[in-house]
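In case you want the letters, here they are:
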Amino acid sequence: MKNLGILLSGRGSNFEAIADNVASGTLDAHIAVVISNRADAAGIESARRRGLNALVIPSKGKVREEHDREVVAALRERQVDLICLAGYMRLLSPWFVQQFPNRILNIHPALLPAFPGLEAQKQAFDYGVKVSGCTVHFVDENLDQGAILVQKVVPVLDTDDDHTLAARILEQEHIAYSEAIRMVLEEKYAISGRKVVKKQESSCST
Ligand code: GRF
């Protein structure tokens, strides 16, 4: 079974959705470690309650790569196959990214390449878009720019404010992340340039 490493900094609802799918068997993986760079992250408390291996590796006051080296050492120690950034509010250093080529995923609460960066739901809402959504993508050395695995579209309603929109996007995030993880773990994709293409099931004629 493949080992997941989850990195988070806050609420942890995406982590919880992944953990629920692992617990129910809809996601065939093992959560080997959950790491937060903040001791007060609700997500790390939730990981502890679930009896998972939960680590706090504080980032405050550390040079980025020094912190990244500690995180990578912890991930390697648990033989993590796939790293999922789930509300991890730190940019990864190029060195970190190079340690795990096409083995780091992130979820972003907008339809990339629109509205990268912080408060994406509010950016989209304020811009006046009629649809937004979420994106699960591979992490490369540039912020919110890696190849896209899964996107879900969420219509913006006339009655929405940025909070109600964010809440409906979050529901889709919880579905999208496990879908993308499954695709990667089952190796049901091929990368061609920027495009991630789902592999067709091979038909057996014998
Ligand atoms: C989510 O909206 C995710 O898309 C973004 O950060 C937020 C994390 O939420 N990257 P949670 O901690 O998973 O609840």
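Sequence positions are assigned chain by chain, starting from 1 and proceeding in written order. The predicted origin of the model limits local features to residues at a pLDDT of at least 70 and limits the giving and counting of side-chain atom pairs to 80 or more, whereas totals for whole chains, interfaces and linings rest on all residues. With hydrogens and water excluded, all non-hydrogen atoms of the structure serve as input to the side-chain values.

Novice: Pulling in residues and values, what's your account of the packing of aromatic side chains?
Specialist: Side-chain rings of Phe, Tyr and Trp (the six-membered ring for Trp) are treated as a pair once their centres are within 6.5 Å; stacked means planes under 30 degrees apart, edge-to-face means over 60, and tilted covers the remaining angles. Taken as a whole and judged by the stated rule, the model has 3 aromatic pairs. The interplanar angle of 55 degrees and the centroid separation of 6.1 Å between the aromatic rings of Phe96 and Phe100 together place this pair among those described as tilted. The exposure class of Phe100 is buried, given its relative accessible area of 7%. The interplanar angle of 45 degrees and the centroid separation of 5.7 Å between the aromatic rings of Phe138 and Tyr189 together place this pair among those described as tilted. With Phe138 in strand β6 (residues 131–138) and Tyr189 in strand β8 (residues 189–192), the pair connects residues that are 51 residues apart, well separated along the chain. Accessibility assignment for this pair places Phe138 and Tyr189 in one class, buried. Throughout this description, buried means an accessible area under 20% of the type-specific maximum (1.4 Å probe, protein chains only), exposed means over 50%, and partly exposed covers the range between. Labels follow the DSSP assignment, with helices taken as runs of H or I lasting at least four residues and strands as runs of E lasting at least two, numbered in each case from the N terminus.

Novice: Could you give me a rundown of the environment of Phe138, with the residues and numbers involved?
Specialist: Residue classification places Phe138 among the buried residues on the basis of a relative accessible area of 3%. Distance in space between the C-alpha atoms of Phe138 and Ala124 is 22 Å, their sequence separation being 14 residues. The criterion used for residue contact is that any of the two residues' heavy atoms lie within 4.5 Å. Filtering out sequence-adjacent residues up to four positions away, Phe138 remains in contact with Asn102, Ile104, Leu105, Gly146, Ala147, Leu149, Val184, Tyr189, Ile191 and Val196.

Novice: Any chance you could break down the nonpolar core for me, citing the residues and the numbers?
Specialist: Judged by nonpolar contacts, the single largest core of 43 residues is most densely connected at Leu105 and Ile181. Broken down by element, this core gets its largest block of residues, 9 residues, from helix α6 (residues 162–185). Start and end positions for the domains come from either an automated domain assignment or a database one. A domain-level breakdown of this core finds at least three residues from each of domain 1 (1–100) and domain 2 (106–197). Ranked by size, the runner-up nonpolar core spans 20 residues in total, among them Ala32, Val33, Val71 and Ile83. Side-chain atoms within 4.5 Å are what join buried Ala, Val, Leu, Ile, Met, Phe, Trp, Tyr and Cys residues into a set we call a nonpolar core.

Novice: Mind laying out the site of the ligand, listing which residues take part and the relevant values?
Specialist: Neighbouring the ligand are the residues Arg11, Gly12, Ser13, Asn14, Gly87, Ile107, His108, Pro109, Gln121 and Glu173. Each polar contact in these results corresponds to two N or O atoms within 3.5 Å; when the atoms are within protein, one needs to be able to donate a hydrogen and the other to accept it, and residues that are neighboring in sequence are counted only if both atoms are side-chain atoms. Between the ligand and Arg11, the relevant distance is 2.6 Å, taken from an oxygen atom to a side-chain nitrogen or oxygen of the residue. In the model, an oxygen atom of the ligand is placed 2.7 Å from a nitrogen or oxygen of the Glu173 side chain. About the coverage of the ligand: the protein hides 86% of its 370 Å² of free accessible area. Broken down by secondary-structure element, the contributors of at least two residues to the shell around the ligand are α1 (13–24) and β5 (104–108). For this scheme, ten residues count as nonpolar: Ala, Val, Leu, Ile, Met, Phe, Trp, Tyr, Cys and Pro. Four count as charged, namely Asp, Glu, Lys and Arg, and the remainder, Gly too, count as polar. Here the shell around the ligand is composed, by residue class, of 2 nonpolar, 6 polar and 2 charged. Residue assignment places the shell around the ligand across two domains, with domain 1 (1–100) and domain 2 (106–197) each supplying three or more. Note on definitions. A residue lies near a molecule or strand when any single heavy atom of the residue is within 4 Å of it. Surface accessibility follows the Shrake-Rupley procedure with a 1.4 Å probe radius. Residue values consider only the protein chains on display as shielding.

Novice: Describe the state of the cysteines, naming the residues involved and giving the relevant values.
Specialist: To count as a disulfide, a pair of cysteine sulfur atoms needs to be within 2.5 Å. Counted according to the given criterion, the structure contains 0 disulfides. Cys134 provides the cysteine sulfur closest to Cys84, a residue in no disulfide bond, and the two sulfurs are 14 Å apart. Overall, the relative accessible area of 0% leaves Cys84 in the buried class.

Novice: Residues and numbers for unusual backbone geometry, please.
Specialist: Peptide bonds are trans in most cases, and residues, glycine excluded, mostly fall at negative phi. Cis geometry marks the peptide bond from Leu112 to Pro113; its omega dihedral reads 10 degrees. With respect to the helices and strands, Pro113 occurs in the loop between β5 and α5 (120–127). For Gln79, which is not glycine, the phi dihedral falls at a positive 50 degrees. Take Gln79: it is sitting in the loop between α3 (64–77) and β4 (82–85). What makes Gln79 exposed here is its relative accessible area of 59%.

Novice: Just give me the short version of the domain arrangement of the protein, but keep the residues and values in it.
Specialist: Assigned domains of the protein: these are domain 1 (1–100) and domain 2 (106–197). Taking only C-alpha atoms into account, the centre of domain 1 sits 19 Å from that of domain 2. Every contact between the two is made by 22 residues of domain 1 and, on the other side, 17 residues of domain 2. With both chains or domains summed, domain 1 and domain 2 bury close to 1600 Å², and 65% of this area falls on carbon and sulfur atoms. Glu187 is the salt-bridge partner of Lys2, the closest N and O atoms lying 3.9 Å from each other. When two parts are brought into contact, each loses some accessible area as probed by a 1.4 Å sphere; the total of that loss over both is the buried area. Whenever Lys or Arg places a side-chain nitrogen within 4 Å of a carboxyl oxygen from Asp or Glu, that contact is recorded as a salt bridge.

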